[in-house]
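Residues per chain, in single letters:
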Amino acid sequence: MMETAPDRLAQWLAVLSEALSTTDPVLILGAVVLGVLLALLLRRGQGGTTAAEFAEIKGRLTAMSEMTVRRQAEEAHALDERVEQVATRLGATLDGVSRRLSDSLAETQRQNSDTVARLTERVDTLARHMGDNLAEAGRRTSESLSTLNERLAVIAEAKQSLADLSSEVGSLSGVLANKQARGAFGQVRMEAIIRDALPVGAYEFQATLSNGKRPDCVIRLPNTPASLVIDSKFPLEGFEALRVARTPDEQKAARDAIRTVVGRHIDDIAEKYLIPGETQDTALMFVPSESVYGDLHEHFADLVQRAHRARVVIVAPNILMLAVQTVQAVIKDAKMRDQAGLIQREVGLLLGDVARLAERVAELERHFGLSTKALEKVSASAARISGRGERLTALDLEDESGASSAPARLTSRAS
């Protein structure tokens, strides 16, 4: 059956439609060429198309289809190879990435382990330090508590001492308020100063004088029968009244009372205890308070001058101590004068011993001189012996070097 042109045209249109439906650029190009050919055929068909032309067109289309199929096969093969290469590279890359991830994970785990170990070590060190610090803090706290307890005990003792001192001050106030007790206090203080400075026998307390009076103390001075009299007085009432006085009238009354009392004491001492030939021309009135003594010299110069005129010297504890030390020096000087003969005799014996020592030293020097000369002679002999020994040593060495010259050398050295 003869195929007509419309049938062939319909086939070509179907091929063109199939070619246009693909995404292959070669097929699209073939479809474009086929469309051009169809357009040419349609233009020629209007003028009459031969079978030979259709056959040629069909052959070209078939060749084009085969070429397209072959190109597709090649491209598919190339695509498969590229996909395989990409898969291979992707696998290698994934292996490398996996290996690097494994190494990184292992390194991270190692670093984490090291970090955990360091943290554990630091925590242990910190715990140990905290334990040591807590122990040290506990020890210090214990020491502080013990020290605090000791200080509290000291404070308690001090408090008790203050309480005792307060009671003693109260007792002292009671003693000072009583005239007789105050006089006994001054006498006890004076006796303590004298006992500490003077030897026994140089003083006597409450000694009776020829007129029957008994001063608080007499000090026997060397090389004189006259004793030094000391009497203790403590005129405290007037000074206390002066201290608490507020108005001029009260102050004047207190000063008048002090002048009256102290003046009476000065007159009593001068009248009772200054006996010519038996006591010294001057007596001491002991005031056992430095403040009272200072007030007397600062505010009552007239009383001090009155005491000097009456040959009575007012002394405080420090001044009495100085006076007693002066008496002690006088007693020591008198004892030295009493022992002057013995000292001269001992000095003479000492000078004789020194003279004998000088003679023996001179004799020893002579012996040393002889010994020195003998040592010098011994040293000279030893030097000559040493020289001869050195020459003999040199002679032996020359014998080893040449025997023929030895007799001549020996003869010359002997000569």
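Residues numbered from 1 in each chain as written. Predicted model: local features only at pLDDT ≥ 70, side-chain atom pairs only at ≥ 80, totals over all residues. Heavy atoms only, no water.

### What about the overall build of the chain?
A tally of helices and strands in the chain yields 11 helices and five strands. Residues counted as buried form 22% of the 415 residues belonging to the chain. Sequence-distant contacts, at least 24 apart, represent 61% of the contacts inside the chain between residues at least 6 apart. A total of about 28800 Å² of accessible surface is found on the chain, and carbon and sulfur atoms cover 59% of it. (Helix = DSSP H or I, 4+ residues; strand = E, 2+ residues; numbered from the N terminus. Buried < 20%, exposed > 50% of the residue type's maximum accessible area, 1.4 Å probe, protein only. Contact = heavy atoms within 4.5 Å. Areas by Shrake-Rupley, 256 points an atom, 1.4 Å probe, with all protein chains shown as cover.)

### Here we look at a nonpolar patch on the surface
Together, L145, L148, L152 and I155 line one region of the surface with nonpolar side chains, adding up to about 380 Å² of accessible area. Tracing the chain through its elements places L152 in helix α3 (residues 51-177). (Patch = residues over 30% accessible without salt bridge, like charges linked within 9 Å, V, L, I, M, F, W, Y side chains within 5 Å. Salt bridge = Lys/Arg side-chain N within 4 Å of Asp/Glu carboxyl O.)

### What about the packing of aromatic side chains?
Using the criterion set out here, one finds one aromatic pair in the structure. Here the aromatic rings of Y203 and F205 are separated by 5.2 Å at their centres, their planes lie at 50°, and the arrangement is tilted. (Phe/Tyr/Trp six-rings, centres within 6.5 Å; stacked < 30°, edge-to-face > 60°.)

### A short note on the sheet that holds strand β2 (residues 217-220)
In space, the five strands of this open sheet follow the order β1-β2-β3-β4-β5, with mixed pairing throughout. With one partner strand each, in any of the chains shown, β1 (203-205) and β5 (312-315) form the two edges of the open sheet. Adjacent strand axes in the sheet meet at a mean angle of 20°, parallel and antiparallel pairs treated alike. Relative to β5, strand β4 (residues 283-286) runs parallel, the two sharing four bridges. (Pairing = 2+ DSSP bridges. Axes fitted to C-alpha atoms, helices over the stretch in contact; angles between N-to-C directions.)

### A short note on the environment of G238
Counting through the fold element by element, G238 comes out in helix α5 (residues 237-244). Judged by its relative accessible area of 13%, G238 falls in the buried class. Each C-alpha atom of the pair G238 and Q251 lies 9.8 Å from the other, and the pair is 13 residues apart in sequence. Setting aside residues no more than four positions away along its own chain, G238 makes contact with A254 and I258.

### Some remarks on the nonpolar core
Within the largest apolar cluster, 29 residues are counted, with the highest numbers of intra-cluster contacts made by I266, M285, L296 and I314. Sorting the residues of this core by element identifies α5, α6 (248-273), β4, α7 (290-299), α8 (301-309) and β5 as the ones contributing at least two each. Looking at which element gives the most residues to this core, the answer is α6, with six residues. Excluding its chain neighbours within four sequence positions, the residues that come into contact with M285 are D231, K233, V262, H265, I266, I269, V312, V313, I314 and V315. Grouped together as the second largest cluster of nonpolar side chains are 19 residues, A197, A202, I230 and F286 included. (Core = buried A, V, L, I, M, F, W, Y, C linked by side-chain atoms within 4.5 Å.)

### As for α8
For α8, the complete set of buried residues consists of L303, V304 and A307. Looking down the long axis of α8, one finds its buried residues gathered within 100° of arc, a one-sided arrangement. In this structure, the buried residues of α8 make contact with α6, α7 and β5. Immediately downstream of α8, the backbone of R311 shows phi near 60°, a positive value. (Arc of directions from axis to C-beta.)

### A few points about the pairing of β4
The alternating pattern of β4 places A283 and M285 and L284 and F286 on opposite faces, both of which are buried. Judged from the three bridges that link them, strand β3 (residues 227-232) and β4 form a sheet pairing that is parallel. Along β4, the bridge assignment pairs S232 with F286.

### Concerning the packing of α6 against α8
Contact pair α6 / α8: the axes reach a minimum separation of 10 Å and the direction vectors enclose 10°. Between α6 and α8, the angle is such that the two are roughly parallel. Here I258, R259, V262, G263, I266 and D267 of α6 lie close against α8, whose contacting residues are D302, L303, R306 and A307. Residues of the contact of α6 with α8, tallied by class, amount to five nonpolar, one polar and four charged. (Parallel < 35°, antiparallel > 145°, perpendicular 65-115°, else oblique. Nonpolar A, V, L, I, M, F, W, Y, C, P; charged D, E, K, R; others polar.)

### Here's the deal with the pattern of salt bridges
Scanning the entire structure with this criterion turns up 13 salt bridges. Between R140 and E136 there is a salt bridge; the shortest N-O distance is 3.1 Å. Of this pair, R140 and E136 are both found in helix α3, four residues apart, which corresponds to roughly one turn of the helix. Between D353 and R356 there is a salt bridge, with its nearest N and O atoms 2.1 Å apart. Pair noted here: D353 and R356 are both in helix α10 (residues 340-401), with a separation of three residues, about one helical turn. Judged by relative accessible area, which is 40%, D353 ranks as partly exposed. R356 gets classed as partly exposed once you look at its relative accessible area, which sits at 40%.

### Notes on the confidence of the model for the chain
For the chain, mean pLDDT is 76; residues scoring 70 or higher make up 76% of the total. Scored below 50 in pLDDT, residues 169-177 makes nine contacts in the model with residues more than four places away or belonging to other chains. Confidence drops under pLDDT 50 across residues 397-415; counting only partners more than four residues distant or on other chains, this segment forms eight contacts. (pLDDT = per-residue confidence, 0-100.)

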